Amino acid sequence: MTQHTPALRLEGIVKTFPGVRALDGVSFSVLPGEVHALMGENGAGKSTLMKVLGGIYQPDAGRIFIEERETVMRGPLEAKAEGVMFIHQELSLAEELSVAENVYLGELPRKRFGRVDWATLYARTDAILQKLKVRFDARTRVGELSIANQQMVEIARALTVNAKAVIFDEPTASLTDAEKVVLFDVIADLRAQGVGIVYISHRMEEIFRITDRISILRDGAYRGTLETAATDEDEITRMMIGRSLDLSRNAAAPDLGPVALRAEGLSCGHLFEDATFEVREGEVLGFYGLVGAGRTEIAETLFGLRTPTAGRILLKGDEISLGSPVEAIARGISLVPESRKEQGLVLGMNCRDNITLPQVDDLTAGPFVSDGAEISIYDQYRDRLAIKSPSWRTPVGNLSGGNQQKIVIGKWLSMRPEVLIVDEPTRGIDVGSKSEIHNLLRELAKQGYAVIVISSEMPEVLHVSDRIVAMYHGRIMREFTAAEVTEDGLIQAISGLTGDAA
Amino acid sequence: MRDERLKTLLKGGAIWGFILLELVFFEVAGRIWSLSGNAFVDLDNMLLLLKQAAPIGIIAVGMTVVMINGNIDLSVGATYALAGIVMLDSMSWPFMEALGAGAIPLAWGFALLTGALLGLINGLIVWKTGVDAFIVTLGAMLGFRGLVFMYNGEQPTYHLDWTMVDIAEAEILGLQTPALVFLAVVLGVWLLMTRTVHGRNAYAIGDNRDAAVNAGLRVGPHILINFVLIGVLAALSAVAFYSGSGSVNPNDGMLFELWAITAVVLGGTKLTGGRGSIIGTLGGVLAIQLLRMGLGHIGAQTETVNLVIGTILIAVLFLDRQLNRKGAEELKI
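What counts and what doesn't
Residues numbered from 1 in each chain as written. Chains lettered and ligands numbered in written order. Predicted model: local features only at pLDDT ≥ 70, side-chain atom pairs only at ≥ 80, totals over all residues. Heavy atoms only, no water. Helix = DSSP H or I, 4+ residues; strand = E, 2+ residues; numbered from the N terminus. Rg over C-alpha atoms; globule rule 2.2 N^0.38 Å. Buried < 20%, exposed > 50% of the residue type's maximum accessible area, 1.4 Å probe, protein only. Salt bridge = Lys/Arg side-chain N within 4 Å of Asp/Glu carboxyl O. Domains from an automatic or database assignment. Contact = heavy atoms within 4.5 Å. Buried area = accessible area lost by both parts, 1.4 Å probe. Polar contact = N/O pair within 3.5 Å; in protein donor to acceptor, adjacent residues only side chain to side chain. Nonpolar A, V, L, I, M, F, W, Y, C, P; charged D, E, K, R; others polar. Patch = residues over 30% accessible without salt bridge, like charges linked within 9 Å, V, L, I, M, F, W, Y side chains within 5 Å. Areas by Shrake-Rupley, 256 points an atom, 1.4 Å probe, with all protein chains shown as cover. Axes fitted to C-alpha atoms, helices over the stretch in contact; angles between N-to-C directions. Left-handed = near helix turned anticlockwise from the far one by under 90°. UniProt positions renumbered as here; feature names shortened; annotations may be inferred.

Chemist: Could you give an account of the overall build of chain B, naming the residues involved and the relevant values?
Modeler: For chain B, the count of helices and strands is 14 helices and four strands. By the compact-globule yardstick of 20 Å for 333 residues, chain B fits well, its C-alpha radius of gyration being 21 Å. Dimensions of chain B, computed from C-alpha atoms along their principal axes, come out at roughly 65 × 60 × 35 Å. Residue burial in chain B is summarised as follows: out of 333 residues, 50% are buried.

Dropping the structure here:
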């Protein structure tokens with residue numbers, strides 16, 4: 001196998017964004033007829049690397065070779081022309097068009113005067129669909145298909161060209177087990193035809209089932225390549241999460257206060273069901289699970305963004321019902337949302353105004369907002385959280401991810417909450433700031449706040465939590481204390497392998 | 001840092017630079033081409049400018065608020081006409097006639113109430129149905145115009161009250177009532193947008209509605225208030241104009257919404273919300289009115305006005321895009 005020239009080779013790719021070095025000299029190659037897994041935590045740089053390969057981002061340094069021929073990817077069209085095809089996690093299909101039109105989008109076969117050659121179009125598409133053994137035909141409207149079948153349309157698109165490399169980005173995220181089998185067959189076929197396949201996934205079971213080699217990224221840097229047959233989960237996990245950052249286990253819980261928030265049998269449709277847990281003052285409760293396990297939805301329910309379909313929420317022992325975030329905030333529940341930029345910040349506004357946004361109503365002198373009162377609140381939280389910003393006038397969009405996150409946290413601390421829920425506290429934040437945020441969360445607990453941390457990063461959850469709730473498919477599988485938790489135990493719980501619903 | 005400041009200044013000041021350019025151009029061109037030796041830049045001319053700019057200017061101020069908020073209101077032209085009709089028609093209702101001059105403030109009140117009511121309808125629909133404001137107010141534009149025609153058919157609504165005319169033509173410092181109302185509205189709404197909680201929230205909601213919801217802002221009621229505000233301002237514009245003219249044609253106010261939007265966008269307000277300023281809109285309104293006056297002054301055909309304004313609008317937005325470097329990360333189309 002090593003005799004072949006690689007179908008695809010990346011060399012020393014560097015890409016920086018303001019405040020973050022997303023890729024730091026990453027090299028990576030895929031042989032023809034190989035399924036090569038690309039693994040790493042969220043934020044390790046997998047997506048950025050693939051965007052560089054697809055021409056969506058231009059690398060700051062580094063080279064791309066297709067069959068050892070150096071290539072510059074200026075955009076998706078060029079990637080396609082080079083035979084590099086992407087099957088995206090988020091499907092990019094025109095739902096109102098037919099399967100055939102989607103498959104040949106941009107290069108519909110034509111007759112004279114620019115008329116579409118429908119007969120050829122449908123015939124060619126049906127031939128591809130047959131290879132994929134699907135049960136719909138070229139004329140079906142894409143919007144009528146299930147997600148799994150829509151994914152097949154994306155794959156069909158990759159088969160229209162003489163693909164040299166096909167990249168699957170978390171392709172099984174929304175597939176059932178039966179659908180996965182079909183997908184794996186398709187991948188096996190492609191592999192037999194000598195196509196190089198990049199397979200991005202978090203799921204160990206799949207990795208061991210279908211891949212030949214595994215390359216690992218951590219914090220934007222290449223950490224090595226393993227032969228799948230000669231490694232195990234432990235080694236992969238170590239390479240993915242081991243880091244110089246202090247992520248020692250959290251010591252045993254200190255003296256805790258009374259229960260601040262308790263959920264009993266809380267459900268919201270099928271998003272999550274029968275969740276029972278509590279968090280005490282002075283405690284950090286971690287929620288760990290795969291994307292889609294229902295953790296964020298629980299947070300949104302506690303914050304009044306979703307209405308529970310069953311169960312109750314008790315705040316300091318009193319049952320409460322939350323119709324909206326307005327009510328949650330009034331009762332002292334705050335949420336630092338999962339995506340800072342989309343849900344947490346008003347990027348065009350300055351630092352001060354973002355911090356005072358929820359309470360600006362109370363900062364008025366006569367009919368007007370009092371500048372002085374606002375600035376003093378900003379100064380207070382800038383000092384307390386060590387926010388690095390040139391001035392309060394700086395638009396939040398110009399700050400680094402870590403400082404943006406501190407602004408969101410400062411916003412809620414200034415409201416003096418009882419319960420602080422932080423969803424993915426360090427997503428997209430570089431390593432140095434990560435540990436600052438971690439320390440901050442620990443510190444807040446020490447000061448007596450009840451803190452709930454949701455994270456997809458195991459070291460983070462282990463580092464900050466006093467107790468950890470493991471979720472799988474909308475259910476709480478198990479609850480661990482800091483003393484009893486093990487990495488294996490956690491992984492098994494969030495993969496649905498062990499335990500009855502707690 | 002200094003670069004940032006310079007850029008902000010350039011972006012904010014662009015419209016005023018453009019106005020200056022217009023003044024110089026029309027003054028010089030007027031002297032070269034115009035047979036009359038009249039100066040273009042002269043006090044009377046400028047005072048007249050403010051008065052002529054008032055009807056659309058008052059509406060544009062309201063439009064700025066709604067657009068910063070991330071919405072739009074296409075129904076203002078129809079609201080303007082309907083409020084004018086209600087005002088003039090109410091003067092001839094029997095109980096109003098019995099009041100004599102006392103009926104005038106009441107008629108104004110009816111007009112403003114009409115505007116508030118129409119704005120309330122728009123706002124409620126946008127809030128409660130979640131349908132895009134563009135569609136809702138497009139429907140309202142047709143619907144309200146329908147009401148205008150139902151009121152009096154194709155006939156103009158007519159009522160001339162000399163006391164009312166006197167008030168409309170009263171002057172302070174050479175400024176007639178409509179110009180004064182315009183300036184007062186600019187000042188008031190400027191304070192609202194820059195100094196109050198409502199203004200702050202308007203920017204936040206327009207910039208990132210999700211973040212605003214998450215911060216506990218009551219987004220729905222906030223949007224509703226802004227639609228009521230623009231409705232009232234459209235009616236106020238009608239009050240200022242029709243008190244003097246005394247006659248509403250059922251087609252009056254058509255295209256006002258588009259002129260208002262043009263002025264707002266020229267003034268630097270983003271179509272997608274979150275950014276913009278009342279002062280910028282004042283600049284946009286004056287720039288358009290100057291262009292109309294100036295083209296007349298140099299003897300250009302009035303038909304050329306729209307062509308020129310349209311061209312300038314696109315040129316200004318292209319410049320804005322370049323200055324903001326928004327295009328850099330976007331896909332080429």
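Having seen the structure, we can now continue with the description.
Chemist: So what about the pattern of salt bridges? Which residues, and what values?
Modeler: Residues and elements named next belong to chain A. In total, this model carries 33 salt bridges over all chains according to the counting rule given. Residue arginine 9 pairs with glutamate 11 through a salt bridge whose shortest N-O separation is 2.7 Å. Relative accessible area serves as the criterion here: at 28%, glutamate 11 is assigned to the partly exposed category. The salt bridge partner of arginine 467 is glutamate 283, with a shortest N-O separation of 2.7 Å. Placement of the pair is arginine 467 in strand β21 (residues 467-472) and glutamate 283 in the loop between β12 (272-280) and β13 (284-289), with a sequence separation of 184 residues. The network of salt bridges with shared partners includes Arg262, Glu264, Glu278, Arg280, Arg312 and Glu319.

Chemist: Help me get a handle on the domain arrangement of chain A, residues and values and all.
Modeler: All names here are of chain A. Here chain A is partitioned into domain 1 (8-241), domain 2 (244-332 + 419-502) and domain 3 (344-416). Once you take the C-alpha centre of each, domain 2 and domain 3 turn out to be 26 Å apart. In this assembly, 14 residues from domain 2 lie in contact with twelve residues from domain 3. Here domain 2 packs against domain 3, burying approximately 1100 Å² in sum over the two surfaces, 72% of which is carbon and sulfur. Among the residues domain 2 hides against domain 3, the three largest losses belong to Ile329, Glu436 and Leu440. Together they make up 34% of the total. Seen at the junction of domain 2 and domain 3, the total is one salt bridge. A salt bridge links lysine 406 to glutamate 436; the shortest N-O distance between them is 2.6 Å. Viewed at the interface, domain 3 and domain 2 are joined by four residue pairs in polar contact (both at pLDDT 80 or more). Top element by residues in the side of domain 2 that touches domain 3 is helix α15 (residues 431-446). It accounts for five residues. Partitioned by chemical class, the residues of the side of domain 2 that touches domain 3 number nine nonpolar, three polar and two charged.

Chemist: Before we move on, can you summarise a nonpolar patch on the surface with the specific residues and values?
Modeler: On the surface, Leu20(B), Val24(B), Phe25(B), Val28(B), Ile32(B) and Trp33(B) cluster together into a nonpolar patch covering about 660 Å² of accessible area. Along the chain, the position of Trp33(B) falls in helix α1 (residues 2-33).

Chemist: A description of the side chain of Gln359(A) should follow, citing residues and the corresponding values.
Modeler: Residues and elements named next belong to chain A. Its place among the elements puts glutamine 359 in the loop between α12 (351-356) and β17 (364-365). Note on glutamine 359: relative accessible area 10%, which makes it buried. Leaving out residues up to four positions away in the same chain, glutamine 359 has contacts with Ile377, Ser414 and Met415.

Chemist: Can you lay out the packing of helix α4 (residues 118-132) of chain A against helix α5 (residues 147-159) of chain A for me, pointing to particular residues and giving the numbers?
Modeler: Residue and element names in this part refer to chain A. Where α4 contacts α5, the axes come no closer than 10 Å and their chain directions differ by 115 degrees. Note on packing geometry: the crossing formed by α4 with α5 is right-handed. In this structure, α4 uses Ile128, Leu129 and Leu132 to contact α5, whose residues at the interface are Met152, Ile155, Ala156 and Leu159. Considering only residue class, the contact of α4 with α5 consists of seven nonpolar, no polar and no charged.

Chemist: Account for the UniProt feature "transmembrane region" (unreviewed entry) in chain B, with residues named and values stated.
Modeler: Residues and elements named next belong to chain B. In the UniProt entry, the feature "transmembrane region" (unreviewed entry) is given for residues 12-33, 53-70, 77-96, 102-121, 133-152, 172-193, 223-242 and 304-323. Spanning residues 102-121, this segment combines 95% helix with 0% strand, and its end C-alpha atoms are found 30 Å apart. The distance from the first to the last C-alpha atom of residues 172-193 is 27 Å, and the span holds 77% helix and 14% strand.

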